[in-house]
Amino acid sequence: MLSRRPNLKVISTLSVGFDHLAIDEIKKRGVRVGYTPDVLTDATAELTVALLLASSRRIPEAVEEVKNGGWSTWKPLWLCGYGLSESTVGVIGLGRIGLAIAKRLKPFGVKNLLYWGRAAKPKAAEVDGEFVPLDRLLEESDFVVVSCALTRETQGLCNKAFFTKMKKTAVFVNSSRGTVVNQEDLYEALSSGEIAAAGLDVTTPEPLPTDHPLLKLKNCVILPHIGSATYSTRETMSVLAANNLLAGLTGGKMPSELSL
């Protein structure tokens, strides 16, 4: 596409992520890029918490049981899941969104908040977060939430070895980027009982084919990448993207320009 647009001067993307852009080629051509960070932090954090609860408390399964007549007499262990009270939550990537997720989870009575990333974060003190090695996070966490940036180091991070280290009762949630997860290994972990459940707002590819094996699992909740999908957030993103574009076209300072 870039080769067909020799006069392209600016790209404005309605997203905080930019792995869908050919960054090396864009940089080589001197094209400026505007994006929309920060403004979708709260919406994405809220959606991640909702996805965690839907996965851990088996909400989609419960809705289906009501609709298909599976709801009959009370049974002590019917549709039981896992609660956050007194739990240990591990966050992979305690950046803006990761921290916002942690802040929303703490009031549920989370006992321990562990996190892992490239370096310790001073703001982790706001959630009593403990910076730990990845192996310890996986071994001790009841909930593992992935909210890291996609880099060479994190691509394919969540693989067979990763899931093997998790508790069999653990719930895995990913709202970062689909390629952080090896989906074949996740399927094996879920179908074999290596982990209890998973919630994904991002997949590879997007949209996920309707015959994908993960969609056949009751213990895997998949959403169509709607982390920022609130009316107010999308409006703010649209205004920022438009202002980035206008600034780029006029040679001005973009409100949010990607540093290439």
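Here the structure is a predicted model, which means the values were calculated and not measured. (Residues numbered from 1 in each chain as written. Predicted model: local features only at pLDDT ≥ 70, side-chain atom pairs only at ≥ 80, totals over all residues. Heavy atoms only, no water.)

### Considerations on the pairing of strand β7 (residues 171-174)
Consideration 1: Along β7, one buried face is formed by V171 and V173 and the opposite face, lined by F172 and N174, is buried too.
Consideration 2: Note: strand β6 (residues 143-146) against β7, four bridges, orientation parallel. Paired with V145 across the bridge in β7 is V173.
Consideration 3: Strand direction decides the pairing type here: β7 and strand β8 (residues 197-200), joined by four bridges, are parallel. Bridge pairing in β8 places V173 opposite G199. (Buried < 20%, exposed > 50% of the residue type's maximum accessible area, 1.4 Å probe, protein only. Helix = DSSP H or I, 4+ residues; strand = E, 2+ residues; numbered from the N terminus. Pairing = 2+ DSSP bridges.)

### Thoughts on helix α2 (residues 41-56)
Consideration 1: Counted at 1.5 Å a residue, the expected span for α2 with its 16 residues is 22 Å, and the 22 Å between its end C-alpha atoms agrees.
Consideration 2: T41, A43, T44, A45, L47, T48, V49, L51, L52, A54, S55 and S56 are the residues of α2 that are buried.
Consideration 3: Just downstream of α2, R58 is the residue with a positive phi angle, here 60°. (Expected span 1.5 Å × (residues − 1).)

### What to know about the environment of A229
Consideration 1: Turning to its location among the elements, A229 is positioned in the loop between β9 (220-222) and α8 (231-249).
Consideration 2: For A229 and A43, which are 186 residues apart along the polypeptide, the C-alpha to C-alpha distance reads 7.2 Å.

### Section: the packing of aromatic side chains
Consideration 1: This structure, assessed with the given rule, holds five aromatic pairs.
Consideration 2: Where F18 meets Y35, the ring centres are 6.4 Å apart and the plane angle is 85°; that geometry is what we call edge-to-face. Here Y35 lies in the loop between β2 (32-34) and α2 and F18 lies in the loop between β1 (10-12) and α1 (23-29), a separation of 17 residues in the sequence.
Consideration 3: Judged by relative accessible area, which is 34%, F18 ranks as partly exposed.
Consideration 4: Judged by relative accessible area, Y35 falls into the buried class, the value being 17%.
Consideration 5: Seen in terms of ring centroids, F162 and F172 are 6.0 Å apart; in terms of plane orientation they differ by 85°. Their pairing is edge-to-face. (Phe/Tyr/Trp six-rings, centres within 6.5 Å; stacked < 30°, edge-to-face > 60°.)

### A look at the sheet that holds strand β3 (residues 88-92)
Consideration 1: Spatially, the seven strands line up as an open sheet ordered β5-β4-β3-β6-β7-β8-β9, and their pairing is parallel. The sheet is open, and its two edges are formed by β5 (129-131) and β9, each paired on a single side. Pairs of neighbouring strands in the sheet enclose a mean axial angle of 15°, with direction left out of account.
Consideration 2: Across four bridges, β3 lies against β6 in parallel orientation. Counted as the bridge partner of V89 is F143 from β6. (Axes fitted to C-alpha atoms, helices over the stretch in contact; angles between N-to-C directions.)

### Brief notes about the packing of α2 against helix α4 (residues 96-105)
Consideration 1: At a minimum axis separation of 8 Å, α2 and α4 run at an interaxial angle of 50°. Considering the angle they form, α2 stands oblique to α4. Helix-helix and strand crossings are classified by hand; for α2 and α4 the assignment is right-handed. Contacts between α2 and α4 pair T41, D42, T44, A45, E46, T48, V49 and L52 from the former with R96, I97, A100, I101, R104 and L105 from the latter. (Parallel < 35°, antiparallel > 145°, perpendicular 65-115°, else oblique. Left-handed = near helix turned anticlockwise from the far one by under 90°. Contact = heavy atoms within 4.5 Å.)

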